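# Fold and geometry: a report
Chain residues, written in single-letter form:
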Amino acid sequence: MPYPRLPLTRLFFPLTLFLATMAQPASAQTNDPALTHARKLLKSTPLIDGHNDLPWEIRESKTAPRDVAAYDLRGRSPKHTDLRRLQQGQVAAQFWSIYIPGEIKDSGYARVQLEQFDIARRMIAGYPDRLAPALTADDIEQSFKRGRIASLLGMEGGHAIENSLGALRAYYDLGARYLTLTHNVTLDWADAALDSARHGGLTEFGREVVREMNRLGMLVDLSHVSPGTMSDVLDVAEAPVIFSHSSARALTDHPRNVPDSILARLPKNGGVVMVTFVPAFVSSDVAAWEARVREQVEGVKASVTDTAEQRRLVDEWKSTHPAPQATLKQVADHIDHVRKVAGVDHVGMGSDFDGIDSTPEGLEDVSRFPYLFAELIRRGWTDADLKKLAGQNLLRVFHAAEGRAARLQKERQPSTQTIEELDGPKTVSGKEKA
Ligand SMILES: [Zn+2]
């Protein structure tokens, strides 16, 4: 991030040198010309990451759960993200995920969702010299010029709206600028990638959710949804979509990744796939290993009822079958693949840092983004294309969604449709209505 230049430094050379050393972390000093090139490029164009789970990490902190002040981002944080490493990584804008689990069974989703808004908003407000709340594409560009990290909120999981378009609008007003339509649980109105396909994609109410998001200017995020849902959304969408953290299924056959048939439809829609760093989504070896772990867990559960013994047996299996390591080069392969099939105007990055327990070798935390750019420079990417990948594609999508929303708001009022009206009473929660 460029800092405001002090005129004094021009007068006093040793001070200039001293400040230059302070501004350049040791890891930035390099003899790698591709890395030097990448760092220079990222000073001139904003790097926008689509997905970081820090707000949930703060909630679940082992030492001080939910305590935003105690999770000090000025120091070294326990996981992947803190201010110093964001600076080293030259991150200009971050969509902070305000994920909530789809499996909550107690008081409904609103309580936890609102608590995550509160945690994320207090986290951003706690560092006004470094983080700037952002609600629009223009905000991202302004923050970049001022040397602050534009901080946006993305909701992860349409279960949070509890089948209510009014709740959707209220969450938009609280600052949510994307909604991942599902997390891992299939909803009453949309199928998830990792759950059963109950609707073959979207129901009619699901289509109305997409239309209302387009009217609001909230980005429709297709990470976590089934290919059927992706396809239905592309049929109905009136604005470009995003995938905030997904990679290419042709390279790693994981249900969370995007099939080529969907990638091929992105030029017409105008959207962007923000390639994720999740090891099991970028490495087929890691995906296969995780599938074997799941088999072990199921096998153990079928034969042993003591849960401590179950864990011990699975850990024992893991100790003799260590996990393979995903790599930075594999992430670059996924970026190259999305570029090849969807085009260079439709690729971005959505790391999922703080949402993953292991990371690819070379992409260990938020400080490492420039190394990924260096790899792509070595593969022949031009500066113009790297700028699109870094953030210009996402900015284009965001501006387009905003412009479309402004027009749609002139054409139609907020939707008052209910799921019962559109899908019938029987489909709610998959049960007969009492
Ligand atoms: Zn996710």
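From a predicted model like this one, the values you see are computed outputs, not experimental measurements.

Tallying secondary structure elements over the protein gives 19 helices and nine strands in all. At 22 Å, the protein has a C-alpha radius of gyration in line with the 22 Å of a compact globule built from 434 residues. Projected onto the principal axes, the alpha-carbon positions of the protein cover approximately 80 × 60 × 45 Å. Relative to its 434 residues, the protein shows a buried fraction of 55%. Partitioning the intrachain contacts of the protein with sequence separation of at least 6 by distance along the chain shows that 73% fall at a separation of at least 24. Across the protein, the centroid of the 53 positively charged side chains sits 6 Å from that of the 57 negatively charged ones.

Attention now goes to the coordination of the zinc ion. Around the zinc ion, the protein supplies E156 (OE), H224 (NE2) and H245 (NE2) as donor atoms, at distances of 2.0 to 2.2 Å. Accessibility expressed as a relative area gives 6% for H224, which makes it buried.

Our next topic: the pattern of salt bridges. According to the stated counting rule, one finds 29 salt bridges in the structure shown. A salt bridge links E238 to R412, with the nearest nitrogen and oxygen atoms 2.9 Å apart. Taken together, the residues E238 in the loop between α10 (227-236) and β7 (242-243) and R412 in the loop between α18 (383-411) and α19 (419-423) connect sequence positions 174 residues apart. By relative accessible area, E238 is classed as partly exposed at 23%. Residue R412 is classed as partly exposed on the basis of its relative accessible area of 24%.

Bringing the pairing of strand β1 (residues 48-52) into the picture now. In terms of residue burial, β1 counts as a mostly covered element, since five of its five residues are buried. Both β1 and strand β2 (residues 93-99) contribute to a ladder of three bridges, which runs parallel. Bridging from a neighbouring strand, D49 pairs with Q94 of β2.

The next subject is helix α16 (residues 328-342). Helix length check: α16, at 15 residues, gives a terminal C-alpha distance of 21 Å against a target of 21 Å (1.5 Å per residue), a fit within 8%. Of the residues making up α16, those classed as buried are L328, V331, A332, H334, I335, H337, V338 and A342. Positioned one or two residues after α16, G343 has a phi angle of 110°, which is positive.

Here we take up the packing of aromatic side chains. Tallied over the entire structure, the rule returns eight aromatic pairs. Their ring planes at 80° and their centres at 5.1 Å tell us that W56 and Y99 sit as a pair that is edge-to-face. You can see W56 sitting in helix α4 (residues 54-59) and its partner Y99 sitting in strand β2, a full 43 residues away along the chain. In terms of burial, W56 and Y99 fall into one category: buried. Look at F95 and F398: their rings are 6.4 Å apart centre to centre, the planes differ by 50°, and that puts the pair in the tilted class. Here the residue F95 occupies a position in strand β2, and F398 occupies one in helix α18, the gap between them amounting to 303 residues. The residues F95 and F398 share a single accessibility class, namely buried. Pairwise contacts between aromatic rings join F95, Y178 and F398 into one cluster.

So, how was this worked out
Residues numbered from 1 in each chain as written. Predicted model: local features only at pLDDT ≥ 70, side-chain atom pairs only at ≥ 80, totals over all residues. Heavy atoms only, no water. Helix = DSSP H or I, 4+ residues; strand = E, 2+ residues; numbered from the N terminus. Rg over C-alpha atoms; globule rule 2.2 N^0.38 Å. Buried < 20%, exposed > 50% of the residue type's maximum accessible area, 1.4 Å probe, protein only. Contact = heavy atoms within 4.5 Å. Lys, Arg positive; Asp, Glu negative; His and termini not counted. Charge placed at Lys NZ, Arg CZ, Asp CG, Glu CD. Donors = N, O, S within 2.8 Å, 3.2 Å for Na, K, Ca; no water. Salt bridge = Lys/Arg side-chain N within 4 Å of Asp/Glu carboxyl O. Pairing = 2+ DSSP bridges. Expected span 1.5 Å × (residues − 1). Phe/Tyr/Trp six-rings, centres within 6.5 Å; stacked < 30°, edge-to-face > 60°.

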